[in-house]
Every structure is written in structure tokens, then in C-alpha cells.
Amino acid sequence: MSHVEVEIAAQPECWRRAADLAPSRWDALPATGERIAVVGCGTSYYMAQAYAALREGSGQGESDAFAASEFPTGRGYDRVVALTRSGTTTEVLDLLGHLRGTVRTAAITADPGTPVMAAADDVTVLDFADERSVVQTRFATTALTLLRAHLGLHTGSVVADAETALAEPLPEGLADCSQFTFLGRGWTVGLANEAALKMREASLSWTESYPATEYRHGPISITTTTTATWMFGEAPDGLAEQVRGTGGRWVQGRLDPLAELVRAQRLAIAVSAARGLDPDSPRHLTRSVILTGA
């Protein structure tokens with residue numbers, strides 16, 4: 001098995017540990033009512049999108065998400081949360097350095113031996129979810145599980161759904177599709193974005209992602225008999241029928257959306273294998289982006 005396959009399979013146990021850890025990190029993470037921003041790069045940015053939408057949608061405070069390089073430094077926040085698996089990503093460290101002394105910062109990382117430990121005011125280490133693979137899977141979902149648990153929105157059924165996502169076979173013929181589109185609503189838009197990224201990284205697939213209702217506003221024109229459209233969460237009325245009417249394949253997520261992401265991770269590896277690719281060595285990518293002379 002590849003490193004990434006081992007790490008995908010480890011997610012249920014990582015999620016259990018993250019949920020158990022959440023109460024001890026109460027003061028290190030945003031309090032109800034705080035106005036916050038969540039930042040990251042790549043996969044971490046998409047998890048930031050999911051968390052920000054989930055937090056604000058549950059009435060726990062204004063929450064924005066930004067790519068670390070695009071943070072609006074003139075905007076006021078009570079706290080800024082940075083997600084960084086490696087703890088070495090240049091854009092994240094530069095932003096935390098810029099914010100020092102002006103706003104409380106928190107970071108979630110996998111490696112306690114990296115510069116982020118000194119760059120943020122509060123750091124939560126999920127070293128049990130660290131990864132050898134370049135393609136990020138279990139750290140991202142474990143960090144989001146920690147944050148969901150901190151919001152009081154995690155239950156044991158989420159872990160059970162993840163186990164189901166690992167045990168059940170993927171829909172027959174899905175890996176043979178030529179194009180994949182992932183759709184979400186609210187907090188699951190970030191998950192759809194992350195599913196698309198996994199397909200690109202691991203399998204070099206033509207993949208897109210959108211807020212579900214936006215799919216009708218142009219992107220549906222690419223749908224054919226060899227494409228698949230995968231919905232994270234409840235679909236807008238009539239969308240499934242509209243996609244099927246084009247001849248495209250509709251995949252309706254029925255598990256917790258985070259567990260559906262596990263299924264999408266598995267699809268990325270299946271397509272990678274079918275194309276003779278090595279998912280542990282994705283083209284042009286490294287485990288952390290460290291810019292020189294930035």
C-alpha cells in the first residue's frame with residue numbers, strides 16, 4: 001500500500017483522538033462570539049473554508065476564510081487561526097509574524113519541531129495525524145474534526161460514517177469517468193474544493209468544484225455521459241434530475257459530508273492506480289511550500 005492509502009485508512013481513529021482532545025484546547029481555539037479569520041494554503045485553505053462556514057452557520061460568530069497570502073491585513077479580528085500541517089509554509093509564517101502583537105493567533109499543526117510553534121500565540125499539535133505522503137488527507141480531516149468538536153458539532157456517527165466510507169466499494173465504473181465535478185452547500189463547499197484538489201494531485205484528473213446552485217450557471221455545459229457530478233450534502237431541488245438529463249452520472253453523498261470526503265480520497269487513489277501513477281509522488285508537488293527570498 002502507498003503511504004497515502006495507509007493514512008486514508010487511519011482517519012476514523014485520528015478523528016476519535018481529535019474529538020477527545022478538543023475539551024483540553026478550549027482556550028486555545030476561538031470562543032463563541034469572537035470575530036475570526038481562518039487561514040491556510042492548499043488543502044488547509046479548503047478546511048479553513050469549511051470551518052468558517054460551519055462556525056458562522058451555527059451562530060457562533062462571524063468567521064472568514066482566506067488563503068494565507070490573501071489575508072486582508074487592514075481588517076479587524078478577535079483571533080486568527082492558521083492551519084498548517086508542516087508548520088513551515090512560508091505564507092503562513094509570514095502572516096503570523098506580521099500579526100504578532102496586534103491580534104491573538106492560534107495554529108493547528110502536525111509537527112511540534114517547526115517554526116510555527118513560536119510564531120503563534122496558541123498552538124495545537126496533532127502529531128498523531130502527521131503524514132509521510134505529499135498528498136494531504138488525514139491531517140486535514142483530523143484538524144477539521146477537532147474544530148467541529150470544539151463547536152459542539154461532532155458526534156460518534158461521523159466516525160461510524162468514515163468507517164463505512166472505507167469499507168464500502170466505490171460505485172462501479174466511477175473511476176472510469178473522464179471528468180469529475182464536486183458540489184457543496186454552506187460548509188461543504190470547502191469539502192468539495194478539497195475533493196477536487198485530491199483528484200488533481202493524486203490522479204491528474206480534469207476536476208472542478210462549485211457551490212451546488214452555481215453549477216447551473218454555466219459549468220453544467222461540460223456534463224456528458226463520461227462525467228460524474230458528486231454532491232456533498234443535500235442537493236438543491238431538481239439538480240440531480242437536471243444532471244441526469246444531460247446523460248452525466250450523479251453521485252449523491254449519503255454519509256456525513258466529511259466521511260464523503262474520505263470516499264472521494266479513495267476515488268482519487270483508485271483513478272491514480274488505474275492510470276499507473278504513484279500517488280505518493282504527485283507531479284511538481286512537495287510536502288511543504290517554502291519560498292526563498294519571499
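For clarity, every value in this text was computed on a predicted model and none was experimentally measured.

Peer 1: Sorry if this is basic, but what is going on with the packing of aromatic side chains here?
Peer 2: We describe a pair of aromatic rings using the distance from one ring centre to the other and the angle between the two ring planes. For the coordinates displayed, the defined rule picks out 7 aromatic pairs. Between the aromatic rings of F71 and Y77, the centroid separation amounts to 5.9 Å while the plane-to-plane angle is 45°, which identifies the pairing as tilted. For Y77, a relative accessible area of 11% puts it in the buried group. Both rings, one in F182 and one in W230, keep their centres 5.7 Å apart while their planes meet at 35°; by these two values the pair is tilted. Here W230 lies in strand β8 (residues 227-231) and F182 lies in strand β6 (residues 179-184), a separation of 48 residues in the sequence. For F182, a relative accessible area of 0% translates into the label buried. An aromatic cluster of three or more residues is present, and its members are F66, F71 and Y77. Over the ring of Y77 we find R35, and its NZ or CZ is 4.8 Å from the ring centre.

Peer 1: Explanation requested: the sheet that holds strand β3 (residues 79-84) in the structure shown.
Peer 2: In sheet architecture, strand pairing relies on hydrogen bonds along the backbone and comes in two forms, parallel and antiparallel. If you walk across this open sheet you meet the 5 strands as β2-β1-β3-β4-β5, and the pairing is parallel. Unpaired on one side and paired on the other, β2 (63-67) and β5 (122-125) mark the two borders of the sheet. Across the sheet, the mean angle separating the axes of adjacent strands is 20° when strand polarity is ignored. Relative to strand β4 (residues 104-109), β3 runs parallel, the two sharing 6 bridges. From the neighbouring strand, R79 faces β4, where its bridge partner is R104. Contacting β1 (36-40), β2 and β3, helix α3 (residues 43-57) crosses the sheet at an angle of about 170° to β2. Relative to β3, helix α4 (residues 90-99) is tilted by about 160°, and along the sheet it contacts β1, β3 and β4.

About the thresholds
Residues numbered from 1 in each chain as written. Predicted model: local features only at pLDDT ≥ 70, side-chain atom pairs only at ≥ 80, totals over all residues. Heavy atoms only, no water. Phe/Tyr/Trp six-rings, centres within 6.5 Å; stacked < 30°, edge-to-face > 60°. Buried < 20%, exposed > 50% of the residue type's maximum accessible area, 1.4 Å probe, protein only. Helix = DSSP H or I, 4+ residues; strand = E, 2+ residues; numbered from the N terminus. Lys NZ or Arg CZ within 6 Å of the ring centre and 35° of its normal. Pairing = 2+ DSSP bridges. Axes fitted to C-alpha atoms, helices over the stretch in contact; angles between N-to-C directions. Contact = heavy atoms within 4.5 Å.

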